[in-house]
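# Survey of secondary and tertiary structure
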Amino acid sequence: MTQEALSNLLHETRRFDPPEDLAASANVTADAYEQAEADNAGFWAEQAKRISWAEPFDEVLDWSRPPFAKWFVGGRLNAAYNCVDRHVEAGSGARVAYHWEGEPGDTRTITYADLLDEVCKAANALIELGVKTGDRVAIYLPMLPETVIAMLACARLGAPHTVVFGGFSSSALRDRIIDCEAHIVITADGGYRKGSIGPLKPAVDEALKECPDVRNVLVVRRTKQDVDWTDGRDLWWHEFVDKQSTEHTPEAFDAEHPLYVMYTSGTTGTPKGILHTTGGYLVGCAYTQWAVFDLKPDTDVYWTAADIGWVTGHSYIVYGPLANGTTSIMYEGTPDTPHPGRWWEIIEKYQATILYCAPTAIRTFMKLGEQIPAKNDLSSLRIIGSVGEPINPEAYVWYRKTIGGDRCPVVDTWWQTETGMIMISPLPGATQGKPGSAMTPLPGVGADVVDESGTSVPNGSGGYLVLTKPWPAMLRTIWGDDQRFIDTYWSRHEGLYFAGDGAKKDEDGDIWVLGRVDDVMNVSGHRLSTTEIESALVSHPKVAEAAVVGSSDPTTGQAVVAFVILRESAHGGGDHVVQELRNHVATQIGPIAKPRSILVVAELPKTRSGKIMRRLLRDVAEHRDVGDVTTLADSDVMGTIERGMSD
Ligand code: WTA
């Protein structure tokens with residue numbers, strides 16, 4: 001965030017009180033904060049009643065070996081049973097779980113009873129493929145009902161899933177399959193994006209050339225183009241899953257049994273496998289969706305417009321909503337296909353009452369103009385949420401007015417892949433909203449802003465965002481790397497979880513999250529590591545050295561800007577080389593990691609100890625209009641860097 005943006009933020013004085021009618025019937029009122037404060041374990045034990053336990057727990061939290069937490073010790077449960085079976089048993093089988101909308105306009109309505117049949121069939125299919133409790137299964141699918149079904153089938157068997165975002169490349173998929181040693185991959189022929197087919201199966205074929213341990217690939221048929229087929233390994237979902245029995249008895253697993261691994265970018269090259277376990281995660285997702293969105297499962301139509309390949313999709317399209325028996329909308333495609341009002345059309349069509357999306361989408365809609373959402377009736381909406389990056393006050397106010405009709409509270413929710421659940425957010429019926437502030441930690445959650453020494457800063461000051469007490473949906477470790485878990489999150493300040501974000505407390509003590517303080521970028525709400533992209537660039541034969549920075553961008557929040565030194569042999573390549581390098585990053589990581597611009601430079605600014613001074617490069621990237629396509633760096637650019645270095 002630039003200094004200018006920061007000082008604008010600090011002068012933001014607009015306030016929005018909870019609407020009276022919402023406050024009158026709110027799920028959570030202000031006294032929840034004190035109750036949780038007075039008895040944290042009691043508070044979470046109470047929330048755990050949202051879940052059906054096959055065997056009750058005898059201790060809420062075992063924190064005797066920090067930072068390794070055990071929640072709901074001794075309890076046993078099945079996550080899929082909680083998400084599906086129990087709603088059917090309770091007579092809600094006919095309730096819609098998902099109104100699914102395909103990008104081309106095809107639709108599917110999946111009730112809880114349908115979901116139960118499909119999940120049982122998929123679980124039986126996985127059993128036939130030899131999947132056992134504890135085995136990992138990789139899922140590389142677009143936004144289809146089968147994505148949820150596959151996840152729940154894994155959960156039902158106690159086989160942790162790792163969902164890899166469909167926009168990631170074959171190399172990214174390969175690395176994740178290898179890291180978590182998955183032996184089964186579930187994918188599709190392709191998915192629809194921006195009106196065309198985004199193929200997935202070819203990327204799986206490519207990845208599996210280096211994953212000899214993968215036995216089977218289960219392929220959902222979605223786009224119907226020809227795909228290569230490996231007999232004996234590849235199986236069509238519609239043949240292999242559909243023939244299975246709809247009967248499957250779920251087994252109860254320990255509350256701490258692994259539920260899933262989700263990879264996210266860290267500050268070093270290799271993505272971290274964030275491990276979430278069953279009981280605490282489910283309780284955390286169920287409570288927070290209910291509290292933050294004031295969820296009324298009997299009447300709300302809830303829409304998290306995110307991809308299931310990210311944690312937002314895991315917690316608030318799948319586990320939280322299903323555990324609460326919610327009716328959700330699930331949309332396969334992009335917001336602007338086939339026309340820029342697609343989301344608003346969907347909201348009107350299904351009478352959505354809650355919308356949860358990312359600031360980058362809001363800023364894009366803002367640019368397109370309010371005449372587009374004005375074409376649809378959005379009066380069904382009652383609460384609108386934001387997640388993934390700081391929402392600038394102008395976007396917040398536009399969102400509230402234009403989409404929320406000036407009546408819907410905006411919930412700006414701060415959390416991370418690691419936290420599993422929303423941690424800091426207003427409560428729509430109980431707290432004020434301030435444009436740009438995520439406000440206060442939820443009841444039962446501890447968050448603070450501290451200085452370098454770990455001391456809480458006074459109101460009106462900034463520092464590092466930390467979490468001060470364990471919470472049920474917290475990550476349990478980094479898959480296969482306990483030491484990295486300790487080093488990354490628990491070593492900076494004694495006893496505090498280091499989130500990697502900078503934040504400020506205003507005069508009221510409310511929290512304003514300002515963005516990452518480490519080498520992690522946030523592009524359209526997607527976390528990308530500078531070092532990961534640098535490694536991808538350096539892996540190209542023409543590149544000698546590379547430095548990557550996140551430069552602020554009016555739409556995507558941050559954009560990837562790379563500075564590269566070419567090898568002698570590659571000189572004179574011009575724009576051609578730059579294009580080649582951009583594509584190379586897309587193949588190595590995924591199109592989202594493609595640098596907006598690449599500057600070819602003769603030298604990179606470094607400290608005496610050889611550390612690249614990214615701060616200077618960021619200045620260059622932000623203060624000069626480097627344009628969409630890249631220019632060769634002139635002496636001026638390096639001049640700027642040199643002048644910066646000498647002062
Ligand atoms: C950023 C997404 C400001 C933050 C759920 C965090 C936010 C990272 C907000 C996690 C918010 C998320 N305000 N910043 N409301 N929400 N962030 O793991 O930098 O993809 O550390 O989880 O996104 O991104 P992740």
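Note that the structure is a prediction, hence the values are computed from the model and not measured.

## Considering the overall build of the protein chain
Counting its secondary structure elements, the protein chain contains 20 helices and 30 strands. With the principal axes as the frame, the protein chain shows a C-alpha extent of 70 × 65 × 55 Å. Per-residue burial for the protein chain yields a buried fraction of 60% across its 647 residues. Sequence-distant contacts, at least 24 apart, represent 72% of the contacts inside the protein chain between residues at least 6 apart. By element, 49% of the accessible surface of the protein chain is carried by carbon and sulfur atoms, the whole surface being about 24300 Å². Of note, the protein chain has its 59 positive side-chain charges centred 2 Å away from the centre of its 88 negative side-chain charges.

## Some details on the nonpolar core
Grouped together as the largest cluster of nonpolar side chains are 166 residues, with contacts concentrated most on Leu-152 and Tyr-319. In this view, Leu-152 contacts Ala-80, Cys-83, Val-84, Leu-115, Val-119, Val-318, Tyr-319 and Leu-322; residues no more than four positions away in its chain are not counted. Core analysis: the next-biggest nonpolar cluster, separate from the first, contains 30 residues, Tyr-331, Tyr-350, Ala-352 and Ala-395 among them.

## With respect to the UniProt feature "binding site: CoA" (unreviewed entry) in the protein chain
The UniProt entry lists Arg-193, Lys-194, Gly-195, Ser-196, Thr-312 and Ser-524 under the feature "binding site: CoA" (unreviewed entry), expressed in the numbering used here. Of the residues just listed, which span 332 residues, the most distant C-alpha pair is 24.9 Å apart, and they do not cluster in one region. By the secondary structure assignment, Gly-195 is in the loop between strand E9 (190–193) and strand E10 (196–199). Residue contacts for Gly-195: discarding those within four places in its chain leaves Glu-103 and Thr-337.

## Re the site of the ligand
In the vicinity of the ligand lie 17 residues, with Asp-412, Thr-413, Thr-417, Asp-501 and Arg-516 positioned nearest. A distance of 3.4 Å is found between a nitrogen atom of the ligand and a backbone nitrogen or oxygen belonging to Glu-389. Note that an oxygen atom of the ligand is positioned 2.9 Å from one of the side-chain N or O atoms of Gln-416. Considered on its own, the ligand offers 530 Å² of accessible surface; in the complex 97% of this is hidden by protein. The set of elements that each furnish at least two residues to the shell around the ligand consists of helix H12 (311–323), strand E20 (410–413) and strand E25 (511–516). Tallied by class, residues from the shell around the ligand come to 6 nonpolar, 6 polar and 5 charged.

## Considering empty space enclosed by the protein
Under the criterion given, the structure shown has 3 cavities of 30 Å³ or more. Taken as a whole, the largest cavity encloses approximately 70 Å³ of empty space. Lining the largest cavity are 14 residues, with Phe-16, Pro-409, Val-410, Thr-431 and Gly-433 sitting closest to its centre. Of all the secondary structure elements, the ones that give two or more residues to the lining of the largest cavity are helix H15 (393–403) and E20. For the lining of the largest cavity, the per-class residue count stands at 9 nonpolar, 3 polar and 2 charged.

## Digging into the state of the cysteines
Applying the stated criterion across every chain, the model contains 0 disulfides. In this structure Cys-357 is not part of a disulfide, and its nearest cysteine sulfur, from Cys-408, lies 12 Å away.

## Points about the environment of Val-548
Inspection of the secondary structure assignment puts Val-548 in strand E28 (residues 543–553). The exposure class of Val-548 is buried, given its relative accessible area of 0%. Sequence separation of Val-548 and Asn-459 is 89 residues, and the distance between their C-alpha atoms is 34 Å. Aside from chain neighbours lying at most four places away, what touches Val-548 is Met-521, Thr-530, Ile-533, Glu-534, Leu-537, Val-560, Val-561, Ala-562 and Arg-614.

## Concerning the packing of aromatic side chains
Applying the stated criterion across every chain yields a total of 34 aromatic pairs. Pairing Tyr-316 with Trp-415 gives two aromatic rings, centres 5.2 Å apart and planes at 90°, and the pair type is edge-to-face. Here the residue Tyr-316 occupies a position in helix H12, and Trp-415 occupies one in the loop between E20 and strand E21 (447–450), the gap between them amounting to 99 residues. The class for Tyr-316 is buried, based on a relative accessible area of 0%.

## Brief notes about the environment of Val-601
Counting through the fold element by element, Val-601 comes out in the loop between strand E30 (597–600) and helix H19 (614–623). A residue is classified by how much of its surface remains accessible, and Val-601, at 5% relative accessible area, is buried. C-alpha separation for the pair Val-601 and Arg-382, spaced 219 residues apart in sequence, amounts to 51 Å.

## Notes on the pattern of salt bridges
Summed over the entire model, instances satisfying the criterion amount to 40 salt bridges. As a salt-bridge pair, Arg-156 and Asp-85 come within 2.9 Å of each other at their nearest N and O atoms. One end of the pair, Arg-156, is in helix H7 (residues 145–157); the other, Asp-85, is in helix H5 (residues 79–92), with 71 residues separating them in the sequence. We note that Arg-156, like Asp-85, is buried. For Asp-205, the salt bridge identified is with Lys-201, shortest N-O distance 2.8 Å. Taken together, the residues Asp-205 and Lys-201, both in helix H9 (residues 201–208) and 4 residues apart, mark about one turn of the helix.

## Here we look at the sheet that holds strand E19 (residues 383–387)
Pairing within the open sheet is mixed, and its 7 strands lie in the order E5-E4-E17-E16-E18-E19-E20. Single-partner strands in this sheet number two, and they are strand E5 (107–111) and E20. Neighbouring strand axes in the sheet, compared pairwise and without regard to direction, differ in orientation by 20° on average. For E19 and E20, the ladder comprises 4 bridges, and the chain directions are parallel. Within E20, the residue paired with Val-387 across the bridge is Thr-413. Set on the sheet, helix H13 (residues 342–350) makes contact with strand E4 (96–101), E5, strand E16 (301–304), strand E17 (327–331) and strand E18 (354–357); between it and E4 the angle comes to about 145°.

## Regarding the sheet that holds strand E24 (residues 497–505)
Hydrogen bonds between backbone groups are what pair the strands of a sheet, and the pairing can be parallel or antiparallel. As summarised here, the arrangement of the 4 strands in space is E21-E22-E24-E25, forming an open sheet in which the pairing is antiparallel. Across the chains shown, the open sheet's two edge strands, defined by having one partner strand only, are E21 and E25. Within the sheet, the average angular offset between the axes of one strand and its neighbour, ignoring direction, is 45°. Bridge count for strand E22 (residues 462–467) against E24 is 5 bridges, and the pairing is antiparallel. Directly across from Leu-467, in E24, lies its bridge partner Tyr-497.

The rules we used
Residues numbered from 1 in each chain as written. Predicted model: local features only at pLDDT ≥ 70, side-chain atom pairs only at ≥ 80, totals over all residues. Heavy atoms only, no water. Helix = DSSP H or I, 4+ residues; strand = E, 2+ residues; numbered from the N terminus. Buried < 20%, exposed > 50% of the residue type's maximum accessible area, 1.4 Å probe, protein only. Contact = heavy atoms within 4.5 Å. Areas by Shrake-Rupley, 256 points an atom, 1.4 Å probe, with all protein chains shown as cover. Lys, Arg positive; Asp, Glu negative; His and termini not counted. Charge placed at Lys NZ, Arg CZ, Asp CG, Glu CD. Core = buried A, V, L, I, M, F, W, Y, C linked by side-chain atoms within 4.5 Å. UniProt positions renumbered as here; feature names shortened; annotations may be inferred. Near = heavy atom within 4 Å. Polar contact = N/O pair within 3.5 Å; in protein donor to acceptor, adjacent residues only side chain to side chain. Nonpolar A, V, L, I, M, F, W, Y, C, P; charged D, E, K, R; others polar. 1 Å grid on protein atoms, 1.4 Å probe; cavity = no way out; pocket = protein on both sides within 12 Å on 5 of 7 lines; lining within 4 Å. Points joined across faces, edges and corners; volume = space filled by probe spheres on them. Disulfide = S-S within 2.5 Å. Phe/Tyr/Trp six-rings, centres within 6.5 Å; stacked < 30°, edge-to-face > 60°. Salt bridge = Lys/Arg side-chain N within 4 Å of Asp/Glu carboxyl O. Pairing = 2+ DSSP bridges. Axes fitted to C-alpha atoms, helices over the stretch in contact; angles between N-to-C directions.

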